[in-house]
Amino acid sequence: KLIKKLYGSQLRCASMLNVSTQSVQNWHSRNPRAMLKHAPEIVNNTDTTWTQLAAEVLSREQELKI
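Each value, and the rule that gives it
Residues numbered from 1 in each chain as written. Predicted model: local features only at pLDDT ≥ 70, side-chain atom pairs only at ≥ 80, totals over all residues. Heavy atoms only, no water. Helix = DSSP H or I, 4+ residues; strand = E, 2+ residues; numbered from the N terminus. Contact = heavy atoms within 4.5 Å. Buried < 20%, exposed > 50% of the residue type's maximum accessible area, 1.4 Å probe, protein only. Arc of directions from axis to C-beta.

Chemist: What should I look at first to understand unusual backbone geometry in this one?
Modeler: A negative phi angle is the norm for most residues apart from glycine, just as the trans form is the norm for most peptide bonds. Positive phi values are uncommon outside glycine, yet Asn18 reaches one of about 55°. Within the fold, Asn18 resides in the loop between helix H2 (10-17) and helix H3 (21-29).

Given below as structure tokens:
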């Protein structure tokens, strides 16, 4: 949800963060916390805060554990 909200698509997110689309897919499906490596870029280039980003990542981790 966060990726679509901030970037519109996983492809655009990958392009903007200069990572592969597979990396973005892995953040969504397996390891959301890896996205935090790019937190400075995400916060600086989108309308989100560090707190919001961290909360979304933790929320996604919880969803994946269910």
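On we go from here.
Chemist: What is the right way to look at the environment of Leu17 in this model?
Modeler: Relative to the assigned elements, Leu17 resides in helix H2. Here the alpha-carbon distance between Leu17 and Asn45, two residues 28 residues apart in the chain, equals 9.7 Å. In this view, Leu17 contacts Tyr7, Trp27, His38, Glu41 and Ile42; residues no more than four positions away in its chain are not counted.

Chemist: Looking at this structure, I do not really get the side chain of Glu61. What am I missing?
Modeler: Looking at where Glu61 falls in the secondary structure, it is placed in helix H5 (residues 50-65). By relative accessible area, Glu61 is classed as buried at 15%.

Chemist: Hey, could you run me through H2 in this one?
Modeler: Helical geometry: 3.6 residues make up each α-helical turn, so side chains three or four residues apart lie on a common side. Along H2, the positions that sit buried rather than exposed are Cys13, Ala14 and Leu17. The buried side chains of H2 occupy one side of the element, clustering within an arc of 100° when seen end-on. Projecting away from the buried face of H2 at angles above 90 degrees are the exposed residues Leu11 and Ser15. The inward-facing, buried residues of H2 contact helix H1 (2-7), H3 and helix H4 (39-45). Asn18 occupies a position one or two residues after H2 and carries a positive phi of about 55°.

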